[in-house]
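Listed below are the residues making up each chain.
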Amino acid sequence: MFSEINKYLRLDKLPHIWCPGCGDGIVTAAFLRAVKELDLDRNNTVVVSGIGCSSRASTYLDFNTLHSTHGRALTFATGIKLSKPKLKVFVIMGDGDCGAIGGNHLLHAARRNIDLTAIVFNNSIYGMTGGQYSPSTPIEAKATTAPYGNIERAFDLTEIAKTAGATYVGRATTYHSHLITKLIVEGAKNKGFSFIEAVTSCPTYYGRYNKAGSPADMVRWQKDNFIVKKKDNSQKLKEGQFLVGELYKSSAPEYCEQYDKIILSAKQRGE
Ligand code: SF4
Ligand code: MG
């Protein structure tokens, strides 16, 4: 198994920069299992990332990769997909990256239903820049920039993606790491914009500021507060609990296909 996964890694870039106990490696491993299951050709697979701890993943992954700028991963990915629609394009972002500076791009990538698979590593904080609160930091949680507790309501990124027009939306946590793989596989098969929220933990900042315990305690918290969605929606959520699983699925015209149709009809008219 290791040698099969190793072929997708730039081993010369290791060791990675992630802190001991960080969940980013778990999400990255889940992504690699999905790539293996999908049997993707590395030469036709692109991974675009933004900036932040999670976005470092693209450095270690041996595909066509682009470590882009903060909040702009979806814009680079849109350009790549539009110019070469046959490529399979994945986008890795953090929660601040995707929900704050890149929030506008999330709305429009979803609205266009462009065939990208976005994976958001949500650790509820800006890790790399020193633990500032992000749009997904829970209310009352502490951060470098919220030493007395965050007063802003948190975004539910999956609801935003769904409302903006994504045609596949799912959520899982590092505790449910095999579910992350499953959602990425299904998201990649969807012809349109797929949004997967992978809830992960940052023991170094979020964990320390919020006295969340050890990295293992943070994963136990995920186990207790993220409830697997049942097919018949019969699960009961308590205050502060969230669903994991396939949250939304629909179909809509895909952006690159629509774009190609416009070009074809203009050519047929001799324009
Ligand atoms: Fe992970 Fe937080 Fe360390 Fe970044 S700062 S590598 S998110 S534990
Ligand atoms: Mg983050």
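Every value quoted in this text rests on a predicted model; they were computed, and no experiment measured them.

J.: I'd like a rundown of unusual backbone geometry, residues and numbers included.
T.: The amide bond that connects Leu-14 to the next residue, Pro-15, takes the cis arrangement and shows omega of 10°. Tracing the backbone shows Pro-15 in the loop between helix H1 (2-6) and helix H2 (24-38). Within the chain, Ser-124 stands out as a residue other than glycine whose phi angle is a positive 65°. You can see Ser-124 is positioned in the loop between strand S4 (117-122) and helix H7 (157-164). In this structure, Asn-233 is a non-glycine residue whose phi angle is positive, near 55°. Of the residues examined, Asn-233 reaches a relative accessible area of 46% and is grouped as partly exposed.

J.: Tell me about the coordination of the magnesium ion (ligand 2), and name the residues and values.
T.: Bound to the magnesium ion (ligand 2) on the protein side are Asp-95 (OD), Asn-123 (OD1) and Ile-125 (O), at distances that span 2.1 to 2.2 Å. Sequence spacing of the donor residues for the magnesium ion (ligand 2), all on one chain, is D-x27-N-x1-I. Given a relative accessible area of 11%, Asn-123 falls into the buried group.

J.: Give a description of the side chain of Lys-81 that names residues and reports values.
T.: Considering the arrangement of structural elements, one finds Lys-81 in helix H4 (residues 73-83). Note on Lys-81: relative accessible area 3%, which makes it buried. Apart from the residues within four sequence positions on either side, Lys-81 is in contact with Leu-87, Val-89, Ile-114, Asp-115, Leu-116 and Cys-256.

J.: Help me get a handle on the environment of Ala-77, residues and values and all.
T.: Tracing the backbone through its elements, the reader meets Ala-77 in helix H4. Taking the C-alpha atoms as reference points, Ala-77 and Thr-117, 40 residues apart in sequence, are found 9.8 Å from one another. Discounting chain neighbours no more than four positions away, the residues touching Ala-77 are Val-48, Val-89, Val-91 and Leu-116.

J.: Which residues make up the nonpolar core, and what values go with them?
T.: Grouped together as the largest cluster of nonpolar side chains are 35 residues, with contacts concentrated most on Phe-31, Leu-32, Leu-61, Phe-63, Phe-90 and Ile-184. A per-element tally of this core places H2 first, with 7 residues. Filtering out sequence-adjacent residues up to four positions away, Phe-63 remains in contact with Tyr-8, Arg-10, Phe-31, Leu-32, Val-35, Arg-42, Thr-45 and Val-47. One finds Val-46, Val-48, Val-91 and Ile-114 within the second-largest nonpolar core, a separate group that totals 25 residues.

J.: Explain the site of ligand 1 to me, using residue names and the numbers behind them.
T.: Every residue lining ligand 1 is accounted for by Trp-18, Cys-19, Cys-22, Cys-53, Asn-123, Cys-202, Pro-203, Thr-204 and Tyr-205. A per-class count over the shell around ligand 1 returns 7 nonpolar, 2 polar and no charged.

J.: Can you break down the packing of helix H6 (residues 103-112) against H7 residue by residue, with the values?
T.: At a minimum axis separation of 7 Å, H6 and H7 run at an interaxial angle of 45°. It follows that H6 is oblique to H7 by the angle criterion. The crossing of H6 and H7 is right-handed. In this structure, H6 uses Leu-106, Leu-107, Ala-110 and Arg-111 to contact H7, whose residues at the interface are Ile-160, Ala-161 and Ala-164.

J.: Summarise helix H11 (residues 255-268); cite the residues concerned and give the values.
T.: Compared with the 20 Å implied by 1.5 Å per residue over 14 residues, the 20 Å span of H11 between its first and last C-alpha is a close match. Measuring from the backbone nitrogen of Cys-256 back to the side-chain oxygen at the start of H11 gives 3.0 Å, which picks out Glu-254 as the cap. At the exit of H11 stands Gly-270, carrying a positive phi of roughly 75°.

J.: Mind laying out H4, listing which residues take part and the relevant values?
T.: Along H4, the residues classified as buried are Ala-73, Leu-74, Ala-77, Thr-78 and Lys-81. Along H4, the residues classed as buried sweep out an arc of 130° about the axis, all on the same side. Buried residues in H4 make contact with strand S1 (45-49), strand S3 (88-94), H6, S4 and H11.

Reading the values: the criteria
Residues numbered from 1 in each chain as written. Chains lettered and ligands numbered in written order. Predicted model: local features only at pLDDT ≥ 70, side-chain atom pairs only at ≥ 80, totals over all residues. Heavy atoms only, no water. Helix = DSSP H or I, 4+ residues; strand = E, 2+ residues; numbered from the N terminus. Buried < 20%, exposed > 50% of the residue type's maximum accessible area, 1.4 Å probe, protein only. Donors = N, O, S within 2.8 Å, 3.2 Å for Na, K, Ca; no water. Contact = heavy atoms within 4.5 Å. Core = buried A, V, L, I, M, F, W, Y, C linked by side-chain atoms within 4.5 Å. Near = heavy atom within 4 Å. Nonpolar A, V, L, I, M, F, W, Y, C, P; charged D, E, K, R; others polar. Axes fitted to C-alpha atoms, helices over the stretch in contact; angles between N-to-C directions. Parallel < 35°, antiparallel > 145°, perpendicular 65-115°, else oblique. Left-handed = near helix turned anticlockwise from the far one by under 90°. Expected span 1.5 Å × (residues − 1). Polar contact = N/O pair within 3.5 Å; in protein donor to acceptor, adjacent residues only side chain to side chain. Arc of directions from axis to C-beta.

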